[in-house]
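Structural overview for review
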Amino acid sequence: MLVTRPRGTNDILPGDTEKWQYVESLLRDICTRFGYEEIRTPIFEETDLFKRGVGDTTDIVQKEMYTFQDFGGRSLTLRPEGTASTVRAYVENKLYGGVQPAKYYYIGPMFRYEKPQAGRFRQFHQFGIECFGAAGPTADAEVISLAWQFYRDLGLKGLEVHINSVGCPKCRPKHRKKLQEFLAPKLPELCGTCQGRYEKNPMRILDCKSPICQELSAGAPTTLECLCDECREHFQEVLRLLDAAGIQYQIDNRLVRGLDYYTKTAFEIIVDAIGAQSAICGGGRYDGLIEELGGQPTPGVGFALGMERVFPTLKVQGIELEIPKAMDVFVAVMGQKPQAEGFRILTELRHAGIKAETDSLGRSLKAQMKYANRFNVAYTVILGEAELEAGRAVLRNMSDSSQEDVPLADIVKVICEKMGQEA
RNA sequence: GUGGAUAUGGCGAAGUGGUUAACGCUCCGGAUUGUGGCUCCGGCACUCGAGGGUUCGAUCCCCUCUAUCCACCCCA
């Protein structure tokens, strides 16, 4: 084969696309229930948007972005995540002039230059929501509750909500200072990346996976201990709301999100099903981001979940989605003359909203029946020279093999009645 | 970027330094005349990821490359 798909991308094929559509429509339905509206932004943006939005020091910006120059010399980047674009669109289109809070959802492909492995791809698909303009804890709780609702509706089990608060610009510097003081004597023993983090972003040392760093940072001052009054109250209120909604959670004071824009609430939903990947969903509050991207100071909360991680989870948990069958009726035709009449019936069935298929390869009746059987249709119309002359067609019930003669003039109506549809 | 594993017909999967490379599934066709799901029969035709090398001879041995999978890192 001359050309194959780019590394880390996937062809989503029939058989799977139905599952994607099912999940997507469930998500849309839930969003409608929660008052979130869809927003669609460009697949690529000015590179600067992500540098400022996601954070210059993050791995995503430093080594994972698909950045290119267009013929006009602009630096553009395939979006690595959805929040920055949504904020940009909110500010650029002056959506702050509308109803508040502004609640949006998006769903679509994201791009990161990663080494592919289980649950990780270079083009992957995220569903996410963003709520702008609500500073209070209700918004945080609602966002988590929406994600929870989705997993509940899908029937997934054993999911854990991990939650933490990373503070705000008022209390974070205090924590940073305390943390650096705590780690200073252990600095030489930390792993290479964490030594670098010490200056740039010491908070990230807390969720380093290296056992050595974990041990060294054990007992380190947590963000929770250093929260200012406002952040502490906010966090406690979020927890109280989750309790009220019956959502179980675990406080995880080592949970720190990898994107720079988070403030206060940070959360992940964890499941053990996708190889080394555990987070099926992640999000939190980002009260400084909108201002950072040129808007008025506006609070925001949201999350994103990876579509490529929900399907393996469904599989591991043995959950079958209820996908409606693809065909209701097959029209089998023999001979030249009946062909046109068969096509007329086929067309009218489809007009009536019935899923109908026919043979387009001129196969024998036997082969057509076999073909019909593969579609698992409820009825097959059989039309040959003899039937045509008699002005009737055979209607075969495929489940009990019973047959009846139906006048050609009535066949569509009869089928519609049987299928419980309106002619 | 680092490390490990694997690469055989549409899919799954045997196999050996040397005549026609198993098998299962799928697909297509057929089994007395115009009828499915079961059964039976036949077909899908030099091909063993790519390129070199060793050898009289390699799908099985060596080298290189590529791809895929998995893990680290990071994330959804």
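What counts, and at which threshold
Residues numbered from 1 in each chain as written. Chains lettered and ligands numbered in written order. Predicted model: local features only at pLDDT ≥ 70, side-chain atom pairs only at ≥ 80, totals over all residues. Heavy atoms only, no water. Helix = DSSP H or I, 4+ residues; strand = E, 2+ residues; numbered from the N terminus. Rg over C-alpha atoms; globule rule 2.2 N^0.38 Å. Contact = heavy atoms within 4.5 Å. Areas by Shrake-Rupley, 256 points an atom, 1.4 Å probe, with all protein chains shown as cover. Lys, Arg positive; Asp, Glu negative; His and termini not counted. Charge placed at Lys NZ, Arg CZ, Asp CG, Glu CD. Pairing = 2+ DSSP bridges. Axes fitted to C-alpha atoms, helices over the stretch in contact; angles between N-to-C directions. Buried < 20%, exposed > 50% of the residue type's maximum accessible area, 1.4 Å probe, protein only. pLDDT = per-residue confidence, 0-100. Near = heavy atom within 4 Å. Polar contact = N/O pair within 3.5 Å; in protein donor to acceptor, adjacent residues only side chain to side chain. Nonpolar A, V, L, I, M, F, W, Y, C, P; charged D, E, K, R; others polar. Core = buried A, V, L, I, M, F, W, Y, C linked by side-chain atoms within 4.5 Å. Salt bridge = Lys/Arg side-chain N within 4 Å of Asp/Glu carboxyl O. Phe/Tyr/Trp six-rings, centres within 6.5 Å; stacked < 30°, edge-to-face > 60°.

If you tally the helices and strands in chain A, you get 16 helices and 16 strands. Against the globule reference of 22 Å for 423 residues, chain A gives a C-alpha radius of gyration of 28 Å, more extended than a compact globule. Considered along the principal axes of its C-alpha atoms, chain A spans approximately 95 × 55 × 45 Å. Contacts in chain A between residues at least 24 apart in sequence constitute 68% of all its contacts with a sequence separation of at least 6. Total accessible area on chain A stands at roughly 21300 Å², and carbon and sulfur atoms take up 50% of it. Measuring between centres, the 52 positive side-chain charges of chain A sit 4 Å from its 57 negative side-chain charges.

Strand order in the open sheet formed by three strands is 2-4-3, with antiparallel pairing between adjacent strands. Where the open sheet ends on each side, the last strands, each with one partner, are strand 2 (44-46) and strand 3 (66-69). Averaged over all pairs of adjacent strands, the angle between their axes in this sheet comes to 35°, without regard to strand direction. Pairing geometry for strand 3 and strand 4 (residues 75-78), over four bridges, is antiparallel. Looking across to strand 4, one finds that Thr67 is bridged to Thr77.

For the rest of this paragraph, the subject is unusual backbone geometry. For the bond from Gln100 to Pro101, the omega torsion is -5°, close enough to zero to count as cis. Of note, Pro101 is situated in the loop between helix 4 (83-92) and strand 5 (102-111). With a phi close to 50°, Lys264 is a non-glycine residue in the positive phi region. Mapped onto the elements, Lys264 comes out in strand 9 (residues 263-274). Residue Lys264 is classed as buried on the basis of its relative accessible area of 6%. Positive phi outside glycine occurs at Asn376, with the angle close to 60°.

Turning our eyes to something else, we now look at the sheet that holds strand 7 (residues 160-165). Taken together, eight strands build an open sheet; the order of strands is 1-5-6-11-10-9-7-8 and the sheet is mixed. Two strands close off the open sheet at either side, each with one partner strand: strand 1 (37-38) and strand 8 (249-251). Examined bridge by bridge, strand 5 and strand 6 (residues 123-132) share 10 bridges and lie antiparallel to one another. Note that in strand 6 the partner of Lys103 across the bridge is Cys131.

Our next topic: the confidence of the model for chain A. The predicted model of chain A averages 91 in pLDDT, with 99% of residues at 70 or higher. Scoring the predicted complex yields pTM 0.91 and, for the interface, ipTM 0.86.

As a further point, take the protein's contact with RNA strand B. Taken together, the neighbourhood of RNA strand B is formed by 47 residues, with Arg112, Arg120, Arg197, Arg204 and Ser401 sitting nearest. Within 4 Å of the protein, the contacting atoms of RNA strand B are drawn from sugar and phosphate to the extent of 53%. Ala279 has a polar backbone atom sitting 2.9 Å from a sugar or linking oxygen of RNA strand B. Taking Gln403, its side chain carries an N or O atom lying 2.8 Å from a base nitrogen of RNA strand B. Mapped by element, the contributors of at least two residues to the surface near RNA strand B are strand 6, strand 10 (277-285), strand 11 (300-306), helix 14 (365-375) and helix 15 (385-390). Ranked by residue count, the leading element in the surface near RNA strand B is helix 14, at seven residues. In terms of residue class, the surface near RNA strand B is made up of 16 nonpolar, 13 polar and 18 charged.

This paragraph deals with the nonpolar core. Grouped together as the largest cluster of nonpolar side chains are 54 residues, with contacts concentrated most on Phe127, Phe150, Tyr151, Ile269 and Phe303. Looking at this core element by element, the count peaks at 10 residues for helix 5 (residues 137-154). If we skip the residues at most four places from it in the chain, Ile269 touches Ala147, Trp148, Tyr151, Leu159, Glu160, Val161, Ser278, Ala279, Ile280 and Cys281.

Moving on: the side chain of Asp359. Inspection of the secondary structure puts Asp359 in the loop between strand 13 (356-358) and helix 14. The buried category is assigned to Asp359, whose relative accessible area is 13%. Residues contacting Asp359, with those up to four places away along its chain left out, are Phe330, Val331, Gln368 and Tyr371.

For the rest of this paragraph, the subject is the pattern of salt bridges. When the charged atoms of two side chains with opposite charge come close together, those side chains can pair. Summed over the entire model, instances satisfying the criterion amount to 24 salt bridges. Residue Arg52 is joined to Asp48 by a salt bridge in which the shortest nitrogen-to-oxygen separation is 3.7 Å. Within this pair, Arg52 and its partner Asp48 are both found in helix 2 (residues 47-53), separated by four residues, close to a single helical turn. One salt bridge in this structure joins Asp287 and Arg285, with 2.8 Å as the shortest N-O distance. Here Arg285 falls in the buried class, since its relative accessible area comes to 0%. Taken together, the shared-partner salt bridges in this structure form one network comprising Arg28, Glu38 and Arg40.

Here we take up the packing of aromatic side chains. Scanning the entire structure with this criterion turns up 15 aromatic pairs. Ring geometry for Phe150 against Tyr151: centres 5.1 Å apart, planes inclined by 55°, an arrangement best described as tilted. Overall, Phe150 belongs to the buried group, its relative accessible area being 0%. Measuring from ring centre to ring centre gives 6.4 Å for Phe267 and Phe303, while their planes differ by 70°; the resulting arrangement is edge-to-face.

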